[in-house]
Amino acid sequence: MTDPTPAPTPTPTPSRSRVLICDDQELIRIGLRMVVDSQPDLTVVGEAADGGAAIAGVAALEPDLVLMDVRMPGLDGLAATEHLCAQPHGPRILVVTTFDLDEYAYAALRAGANGFLVKDAPAEEILVTVRAVLRGEVMVAPSLTRRLVERFVLHAPASVPAQRSRLAALTEREREVLALVARGLANGEIADSLFVGETTVKTHLGRILTKLGLRDRIHAVIFAYESGLVRVGD
């Protein structure tokens, strides 16, 4: 009696990262959906036209990432970002805006968003940014980080005492690294400036974030300015 032919083992379907698009302009939502849904590892699970709908969509659909516009009627993207970033185990937030220097986008980053994207960016750049944010990276170019901070910290106090006192937790070398990060240098440039390896710079940056209780590079830059370690125009 012939043994039955074993059934073929099904090939596991790769998981797809779930994306929610929030923008008050339907054409923008359509365009972003086309870009995201064209990829085998990404899928759009929903759309929202304002911040309130985005918050409801996150609760109902549990996306991994929200593409969040900032200027919308009703509840804007900044308020929605603040709300979502305050929730445990919430989605990552990628701020999408019309201008590359937008005070609302800066405020959203400060509130905890994980990246910054301009709406007219090429599709390839959008996808690179989306995937990087999903991996846990913060996607803002070092030069743009400095421009954002310098523009919108201009009207803040030179330093905040509570922040300034926290600098004592850092070693002299860690302060040097933090200052160079705040001035817009990438890790490789910092390594060249300090005559150390790039891995050493990454180690220092990791320790800085841990000691100061900061989420990422962007918040390290903000801290550097608010503590007075670096001032606008340095």
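Residues numbered from 1 in each chain as written. Predicted model: local features only at pLDDT ≥ 70, side-chain atom pairs only at ≥ 80, totals over all residues. Heavy atoms only, no water.

**So, the overall build of the chain**
- Per the secondary structure count, the chain includes 11 helices and 5 strands.
- Out of the 234 residues in the chain, the part that is buried amounts to 43%.
- Relative to all contacts within the chain whose residues are 6 or more apart in sequence, the contacts with residues 24 or more apart total 68%.
- Carbon and sulfur atoms form 55% of the exposed surface of the chain, whose accessible area is close to 12,100 Å². (Helix = DSSP H or I, 4+ residues; strand = E, 2+ residues; numbered from the N terminus. Buried < 20%, exposed > 50% of the residue type's maximum accessible area, 1.4 Å probe, protein only. Contact = heavy atoms within 4.5 Å. Areas by Shrake-Rupley, 256 points an atom, 1.4 Å probe, with all protein chains shown as cover.)

**Quick notes on the packing of helix H8 (residues 172-182) against helix H9 (residues 187-194)**
- The contact between H8 and H9 brings their axes to 10 Å, and the two run at 135°. As the angle between them shows, H8 and H9 are arranged oblique. As H8 runs across H9, the sense of the crossing is right-handed. Only Ile190, Ser193 and Leu194 of H9 make contact with H8, whose side of the interface consists of Arg173, Glu176, Val177, Leu180 and Val181.
- Among the residues forming the contact of H8 with H9, the class breakdown is 5 nonpolar, 1 polar and 2 charged. (Axes fitted to C-alpha atoms, helices over the stretch in contact; angles between N-to-C directions. Parallel < 35°, antiparallel > 145°, perpendicular 65-115°, else oblique. Left-handed = near helix turned anticlockwise from the far one by under 90°. Nonpolar A, V, L, I, M, F, W, Y, C, P; charged D, E, K, R; others polar.)

**Topic: the pattern of salt bridges**
- In total, this model carries 8 salt bridges according to the counting rule given.
- As a salt-bridge pair, Lys119 and Asp23 come within 3.0 Å of each other at their nearest N and O atoms. With Lys119 in the loop between strand E5 (115-118) and helix H5 (123-134) and Asp23 in the loop between strand E1 (17-22) and helix H1 (26-37), this residue pair connects regions lying 96 residues apart in the sequence.
- On the basis of relative accessible area, Lys119 is assigned to the buried category, the value being 17%.
- Across the pair Lys119 and Asp69 runs a salt bridge, and its minimum N-O distance is 3.5 Å. In this pair, Lys119 is assigned in the loop between E5 and H5 and Asp69 in strand E3 (residues 65-69), connecting sequence segments 50 residues apart. (Salt bridge = Lys/Arg side-chain N within 4 Å of Asp/Glu carboxyl O.)

**What to know about helix H3 (residues 77-85)**
- Taken together, the buried positions of H3 are occupied by Gly77, Leu78, Ala80, Thr81 and Leu84. What you see down the axis of H3 is that its buried residues fit within an arc of 160°, all on one side.
- Where H3 starts, the residue carrying a side-chain oxygen 3.2 Å from the main-chain nitrogen of Leu78 turns out to be Asp76. (Arc of directions from axis to C-beta. Polar contact = N/O pair within 3.5 Å; in protein donor to acceptor, adjacent residues only side chain to side chain.)

**Description of a nonpolar patch on the surface**
- On the surface, a cluster of nonpolar side chains totalling about 350 Å² of accessible area is made up of Leu27, Ile30 and Met34.
- Topologically, Met34 is positioned in helix H1.
- Of the residues examined, Met34 reaches a relative accessible area of 59% and is grouped as exposed. (Patch = residues over 30% accessible without salt bridge, like charges linked within 9 Å, V, L, I, M, F, W, Y side chains within 5 Å.)

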